[in-house]
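# A structural walkthrough
For reference, the chains in residue letters:
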Amino acid sequence: MIKLDNLTKIFDTPEGTVTAADHISMEVPSGEICILLGPSGCGKTTTLKMINRIITPTSGKVFINGEDTTAMNTVDLRRNIGYVIQQIGLFPNMTIEENISVVPRLLGWQPDKYKERAKELLDMVALDPNLFLKRFPNELSGGQQQRVGVIRALAADPPVMLMDEPFGAIDPINREVIQDEFLKMQAELKKTIMFVSHDIDEAVKMGDKVAIFRAGKLEQYACPDDILAHPANDFIAGFVGSDRTLKRLQLVRAHEVMSREPTFVRPQQSLDEALTIMERNEHNCITLVNEAQKPIGIVLRDVAQNHKGICGEHYDGLHGMTRQDDDLRTVVAKLFSADASWLPVVDENGVLVGDITQRGITHHLGATYRTQG
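Heads up: these notes are all about the structure in this document.

Rules and cut-offs
Residues numbered from 1 in each chain as written. Predicted model: local features only at pLDDT ≥ 70, side-chain atom pairs only at ≥ 80, totals over all residues. Heavy atoms only, no water. Pairing = 2+ DSSP bridges. Helix = DSSP H or I, 4+ residues; strand = E, 2+ residues; numbered from the N terminus. Contact = heavy atoms within 4.5 Å. Axes fitted to C-alpha atoms, helices over the stretch in contact; angles between N-to-C directions. Phe/Tyr/Trp six-rings, centres within 6.5 Å; stacked < 30°, edge-to-face > 60°. Buried < 20%, exposed > 50% of the residue type's maximum accessible area, 1.4 Å probe, protein only. Lys NZ or Arg CZ within 6 Å of the ring centre and 35° of its normal.

### Thoughts on the sheet that holds strand β16 (residues 352-357)
Taking strand neighbours across the sheet as the criterion, the 3 strands line up as β14-β15-β16 in an open arrangement whose pairing is mixed. The open sheet is flanked by β14 (322-323) and β16, the only strands paired with a single partner. This element, helix α16 (residues 328-338), spans β14, β15 (342-346) and β16 of the sheet and lies at about 130° to β15.

Below is the structure:
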């Protein structure tokens, strides 16, 4: 856990004093990612750098896992905190293995241990150790260097990580790949992380909590959905954007919204039965499943109205389906692509487990606004 208690930084300038961070108090629970957001000069990077004492606080305290860091030796403090910056900061005259092993070597690890750790971490970010261990930074792409920068901070297995716009200089495609890989690592490693970003979409994707700063003050600190659904003031509402409802789509999974009683027919059922079910549910088609309860097609309403026989003789290909772990942004994209008002939902084995509708999605978002507002 990271706890900030009235953390304050005042700088002296020729024009007078400037309060860069004004009595910041917040807690980041163990194993969670907190994103610090806000416009330039708002105090987010100053707050981050006070945690590992790159900037010395004017007043206030920092606690890590319950321990007051005020009296800690600065070098010891920093060795126990992973630190990642946008500029990456790899040592150009060291191999990738040597870069990753810097802190473990300073801590006195045995060579076989830190070399094995370097291999393990490169594997974790999909960089083949046989190809990359002995390379130098200038032999890697920008995205590859950024991955090494991230895992170098993890090398000594620190309980806390600080990240200062770590993916900001990477092109959008590589940035999304690295974000996904980092989230996979975090799901396994459960580090406590504070992460400066300028990108609200990155914050929504990456953060368990989001802290938004303005002029040195902490304006709102909550989970991403709370901030998007209930911005504390007009500044927050403007900062997260007028499309904040759309941003919320990526925070909700299909299984949270779907009906768990999907409509379907089997091949041996009659078209009359299919039509009755469609009329009852106001659908223009219905999912056809096989004996394993897996969707294999759809029966159209006008076909059921104008033909006789069984569904297995009168069906079309699927107009689309979604998985229960897809976020609602993905679901909405599939709905639009299929020009559909609903989709069948399947589990990881392709078995039908529910239906999801446009109406259900809008009701879920609207109900959240009403119940929490």
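### Re the packing of aromatic side chains
In this structure the tally under the stated criterion is 3 aromatic pairs. The interplanar angle of 65° and the centroid separation of 6.2 Å between the aromatic rings of Phe-167 and Phe-182 together place this pair among those described as edge-to-face. Here the residue Phe-167 occupies a position in the loop between β7 (160-164) and α8 (172-189), and Phe-182 occupies one in helix α8, the gap between them amounting to 15 residues. With respect to class, Phe-167 is no different from Phe-182; both count as buried. Taking the centre distance of 5.7 Å and the plane angle of 65° together, the rings of Phe-167 and Phe-195 count as edge-to-face. With Phe-167 in the loop between β7 and α8 and Phe-195 in strand β8 (residues 192-196), this residue pair connects regions lying 28 residues apart in the sequence. Comparing Phe-167 with Phe-195, the two get one shared label, buried. Grouping aromatic residues by their ring pairs yields a cluster made of Phe-167, Phe-182 and Phe-195. For Lys-113, the ring lying beneath its charged end belongs to Trp-109, and the centroid distance is 4.2 Å. Over the face of the ring belonging to Phe-132 we find Arg-135, whose NZ or CZ atom lies 4.7 Å from the ring centre.

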